[in-house]
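Coordinate inspection notes
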Amino acid sequence: MPSSRPDRAEQERRRRAAELLGDLLPTTTSDETDEGWNEQRGTSRDEELLRDVPPHHG
């Protein structure tokens, strides 16, 4: 019956990969932030309306 634990070589390979690659997935992705949705904090309503102009209005 095969063991579910990785052998020593596999453990070393995983440790080395983790050391080289680090944490590949950030704890918060960019689409979970205002920046990811192109929203800016602390802007006035006037600035927001000026940014939200339809393309045909130049």
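Above this text you will find the structure in question.
It is worth spelling out the pattern of salt bridges at this point. Inspection of every chain in the model, using the stated rule, returns six salt bridges. Between E10 and R13 there is a salt bridge; the shortest N-O distance is 2.7 Å. Highlighted residues: E10 and R13, both in helix α1 (residues 8-21), separated by three residues, approximately one helical turn. Under the relative-accessibility criterion, E10 is labelled partly exposed at 23%. Notably, a salt bridge pairs E48 with R45, separated by 3.0 Å at the nearest N-O pair. Of this pair, E48 and R45 both sit in helix α2 (residues 45-51), three residues apart, which is roughly one turn of that helix. For E48, a relative accessible area of 36% corresponds to the partly exposed category. One salt-bridge network, held together by shared partners, links E12, R15, R16 and E19.

Definitions and cut-offs
- Residues numbered from 1 in each chain as written.
- Predicted model: local features only at pLDDT ≥ 70, side-chain atom pairs only at ≥ 80, totals over all residues.
- Heavy atoms only, no water.
- Salt bridge = Lys/Arg side-chain N within 4 Å of Asp/Glu carboxyl O.
- Helix = DSSP H or I, 4+ residues; strand = E, 2+ residues; numbered from the N terminus.
- Buried < 20%, exposed > 50% of the residue type's maximum accessible area, 1.4 Å probe, protein only.

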